[in-house]
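Here are the chains, one letter per residue:
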Amino acid sequence: MPHHKDHSSRHLTLDSPNTPYSQSYAIVATTSTINDSEWNSVVNFLLDRHPQATLFVYSNNNLKMIHSDLKAAMPRFVAFVCQPDQCGRLFVAQCHRLMRTLDNEPYIDAMWAIVTGINAEYAIKSIDNESVDQPFIIQRAINFTNVDQNLFESCFTFSDGKKGCWYGKNCGIDDGSGEEKEEGNEYPKAPAEIFTEKLNEMQPDLLVTSGHGTEDYVEMPWSVGKLKVEDDGLVPLDENAEPVAPAIESSTNPKIYLPIANCLIGHCKGPQCMVTTFLGRMGVRQMCGYTVETWYGRAGWGTLDTWKSVPGRLSLADAYFLHQARMTYDLKSINPRLLHFKFDLSVYPGYTTVVDQLEKQYHLDTDNIDDKILEQIYGLCYDRDTFVFYGDPSFIAKLNENKNGNQLTTKFLRTGKTTHQFQIEFKDVETAQNFQGPIGSIFTNRIENFNIINGFEYEPILSDNFLMILKPNPCDKNSTTIQIDFRGTII
């Protein structure tokens, strides 16, 4: 088992900063990428930015070739450098399965992401973060769904709850009255044109979209237009597919893109698609989305909910990692046998596809399984290999911690040579009792020989590199503190 331990200190905690493990990095590329001078420059760029990184090379689309070496290294981050015609949904599923099998636990073993672009130049632009302050704090947003505007300094939302409705925070539009207003029930012009104006005017740090989408476009809410990928960029169209503004050739400010509930936008089908257009060309540093048509939505919405549960506490990459682990835990809790299910994505994936494949492999007794549990089985087996992360996985993008109301603080204590305590301190009793959602932390040092000692009532999930508390509400109704005691030898 690899040892990342800093032997200069015997007082490390599991949140000590700048540890060898927390900075460990792997770069994975195929021989065709290494042998292509332009795409090899992307690999070399990452090696330059992460001098501690190790390069792993495979051939013939066989990721299993690097399994044993990657397992021996057990890095914190893994970047798969891929040409845009090499990272479709089948490759994404292979990466998911590889990255859950580096140890004996069923959970994701390292934060991984795919680095790609229209071409090598744009791929490098998407990971050239030297001039971007980190953590990259989200201040301005454009949303196609209802994300709490209080999370941002300024925000513009195209409502998916009511047709024609829009609203903003410190950001309005002229509704035709000659005055700029921050809400309205009827668009004064084509929504795609408004998006173009706001993209240039606001220079948002975050884009969140939902609704209909494909590899080639995203629809505005209620299908009242779309943003379509063309040779010259992103073309704003009205509901009759007519252009309403010049193509958006580029957007240079750094940003995050979350097509959180869109079908197919996360599927990289080649050099001209939504993934490649947004990465680099539209300034996107990280994005995550579905490679398939989405119906369950757990992977997408769950990642967003985890990220914003305590604004500023987790990076987007942390939230993705922890929610992937949570979905694995939920599937394991229903039936550990289901963890071995491999969704065959060579057949066009959809709801009936996953149902048929599960029935064929497991002969589920559907008549005696609760409908909600059955939906969870189908949904988790559908989602967990089809939601993908793009960009440099080590890039730190966070919501503004000033927006979290000082809800809680967390810390790790070293209580003995091999014992630790995780503490959650809520700001008051009301917050402690009403807080919803799990609280998780990724370790800055890995551990082995681990087990929970106290705190089982809070339903903790413990692995070699993370701890997640699923029920983080103090049992004592007058308490503001939770303590989880566990054993683990730092390696």
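On a predicted model such as this, the values are computed, not experimentally measured, just so you know.

1. Examining the overall build of the chain
Consideration 1: Within the chain, the regular secondary structure consists of twelve helices and 26 strands.
Consideration 2: Relative to a compact globule of 491 residues, whose C-alpha radius of gyration would be 23 Å, the chain shows 23 Å and is just as compact.
Consideration 3: Overall, the C-alpha framework of the chain stretches about 70 × 60 × 55 Å when taken along its three principal axes.
Consideration 4: Taking all 491 residues of the chain together, the buried fraction comes to 59%.
Consideration 5: Partitioning the intrachain contacts of the chain with sequence separation of at least 6 by distance along the chain shows that 70% fall at a separation of at least 24.

2. As for helix α5 (residues 120–127)
Consideration 1: Listed in full, the buried residues belonging to α5 are Ala120, Ala123, Ser126 and Ile127. With its buried residues spanning 115° around the axis, α5 presents them on a single face.
Consideration 2: In this structure, the buried side of α5 is in contact with α2 (37–49), β4 (111–115), β17 (284–290) and β18 (387–391).

3. Describing the sheet that holds strand β13 (residues 217–219)
Consideration 1: Across the sheet, which stays open at both edges, the three strands sit in the order β13-β14-β15 with antiparallel pairing between neighbours. Two strands close off the open sheet at either side, each with one partner strand: β13 and β15 (233–237). Averaged over all pairs of adjacent strands, the angle between strand axes in this sheet comes to 20°, irrespective of strand direction.
Consideration 2: Bridge analysis of β13 against strand β14 (residues 226–230) gives three bridges, and the strand direction is antiparallel. Its bridge partner lying in β14, glutamate 219 is registered against lysine 226.

4. A look at helix α10 (residues 351–362)
Consideration 1: Taking 1.5 Å of rise per residue, twelve residues should cover 16 Å, and α10 covers 16 Å from first to last C-alpha, within 8% of that figure.
Consideration 2: Buried within α10 we find Thr353, Val354, Val355, Gln357, Leu358 and Tyr362.
Consideration 3: For α10, the secondary structure elements touched by its buried residues are α11 (371–383).
Consideration 4: A positive phi of about 50° marks histidine 363, the residue just after α10.

5. Some remarks on a negative patch on the surface
Consideration 1: The grouping of Asp174, Glu179, Glu180, Glu182 and Glu183 at the surface amounts to a negative patch.
Consideration 2: With respect to the element layout, glutamate 180 can be found in strand β10 (residues 180–181).
Consideration 3: By relative accessible area, glutamate 180 is classed as exposed at 60%.

6. Description of the sheet that holds strand β26 (residues 481–490)
Sheet strands pair by backbone hydrogen bonding; their relative direction is either parallel or antiparallel.
Consideration 1: Spatial strand order, β20-β21-β26-β23: four strands in an open sheet with antiparallel pairing. Two strands in the sheet have a free side with no partner beyond their single neighbour: β20 (408–414) and β23 (447–454). Pairwise comparison of adjacent strand axes, ignoring direction, gives a mean angle of 25° for this sheet.
Consideration 2: Where strand β21 (residues 419–426) and β26 come together, seven bridges link them in antiparallel fashion.

7. Quick look at the packing of aromatic side chains
Consideration 1: By the definition in use, this model includes 27 aromatic pairs.
Consideration 2: Judged by centre distance (5.9 Å) and plane angle (40°), the ring pair of phenylalanine 136 and phenylalanine 395 falls under tilted. Note that phenylalanine 136 is positioned in strand β5 (residues 136–138) and phenylalanine 395 in the loop between β18 and β19 (397–399), a separation of 259 residues in sequence.
Consideration 3: Take phenylalanine 395: its relative accessible area is 2%, and that puts it in the buried class.
Consideration 4: Among the aromatic residues, those joined into a ring-pair cluster are Trp295, Tyr296, Phe341, Phe343, Tyr351, Tyr362, Tyr378 and Tyr382.
Consideration 5: Between arginine 76 and the ring centre of phenylalanine 321, over which it is positioned, the NZ or CZ distance is 5.8 Å.

8. Section: the pairing of strand β1 (residues 25–30)
Consideration 1: Among the six residues of β1, six are classified as buried, and the element is accordingly described as predominantly covered.
Consideration 2: Of the two faces of β1, both are covered, the one formed by Tyr25, Ile27 and Ala29 as well as the one formed by Ala26, Val28 and Thr30.
Consideration 3: Bridging between β1 and strand β3 (residues 77–81) involves four bridges; their strand directions are parallel. Each residue of the ladder has a partner; that of alanine 26, found in β3, is valine 78.
Consideration 4: Across five bridges, β1 lies against strand β2 (residues 54–58) in parallel orientation. Considered in β2, the bridge of alanine 29 is made with valine 57.

9. Notes on the pattern of salt bridges
Consideration 1: Evaluation of the coordinates by the stated rule reveals 19 salt bridges.
Consideration 2: When the shortest N-O distance is used, the salt bridge between aspartate 48 and arginine 49 registers 3.1 Å.
Consideration 3: In this structure aspartate 48 comes out as exposed when scored by relative accessible area, which is 53%.
Consideration 4: Assessed through its relative accessible area of 28%, arginine 49 is described here as partly exposed.
Consideration 5: Glutamate 121 is the salt-bridge partner of lysine 125, the closest N and O atoms lying 4.0 Å from each other.

10. Some points on the environment of tyrosine 25
Consideration 1: Position of tyrosine 25 among the secondary structure elements: in strand β1.
Consideration 2: Separated by 368 residues in sequence, tyrosine 25 and proline 393 place their C-alpha atoms 9.4 Å apart.
Consideration 3: Apart from the residues lying within four places of it in its own chain, the contact partners of tyrosine 25 are Leu46, His50, Gln52, Ala53, Thr54, Pro75, Phe77, Ala79, Asp392, Pro393 and Ser394.
Consideration 4: Looking at tyrosine 25, its side chain comes within polar contact range of the side chain of aspartate 392, at 2.8 Å.

11. Examining the environment of glutamate 182
Consideration 1: Along the chain, glutamate 182 turns up in the loop between β10 and β11 (183–184).
Consideration 2: Among the residues examined, glutamate 182 registers a relative accessible area of 38% and is labelled partly exposed.
Consideration 3: In the structure, glutamate 182 is positioned eleven residues away from cysteine 171 in sequence and 6.3 Å away in space, judged by C-alpha atoms.
Consideration 4: Once residues lying within four places of it in the same chain are set aside, the contact partners of glutamate 182 are Trp166, Tyr167, Gly168, Lys169, Asn170, Cys171 and Gly172.

Analysis parameters
- Residues numbered from 1 in each chain as written.
- Predicted model: local features only at pLDDT ≥ 70, side-chain atom pairs only at ≥ 80, totals over all residues.
- Heavy atoms only, no water.
- Helix = DSSP H or I, 4+ residues; strand = E, 2+ residues; numbered from the N terminus.
- Rg over C-alpha atoms; globule rule 2.2 N^0.38 Å.
- Buried < 20%, exposed > 50% of the residue type's maximum accessible area, 1.4 Å probe, protein only.
- Contact = heavy atoms within 4.5 Å.
- Arc of directions from axis to C-beta.
- Pairing = 2+ DSSP bridges.
- Axes fitted to C-alpha atoms, helices over the stretch in contact; angles between N-to-C directions.
- Expected span 1.5 Å × (residues − 1).
- Patch = residues over 30% accessible without salt bridge, like charges linked within 9 Å, V, L, I, M, F, W, Y side chains within 5 Å.
- Areas by Shrake-Rupley, 256 points an atom, 1.4 Å probe, with all protein chains shown as cover.
- Salt bridge = Lys/Arg side-chain N within 4 Å of Asp/Glu carboxyl O.
- Lys, Arg positive; Asp, Glu negative; His and termini not counted.
- Charge placed at Lys NZ, Arg CZ, Asp CG, Glu CD.
- Phe/Tyr/Trp six-rings, centres within 6.5 Å; stacked < 30°, edge-to-face > 60°.
- Lys NZ or Arg CZ within 6 Å of the ring centre and 35° of its normal.
- Polar contact = N/O pair within 3.5 Å; in protein donor to acceptor, adjacent residues only side chain to side chain.

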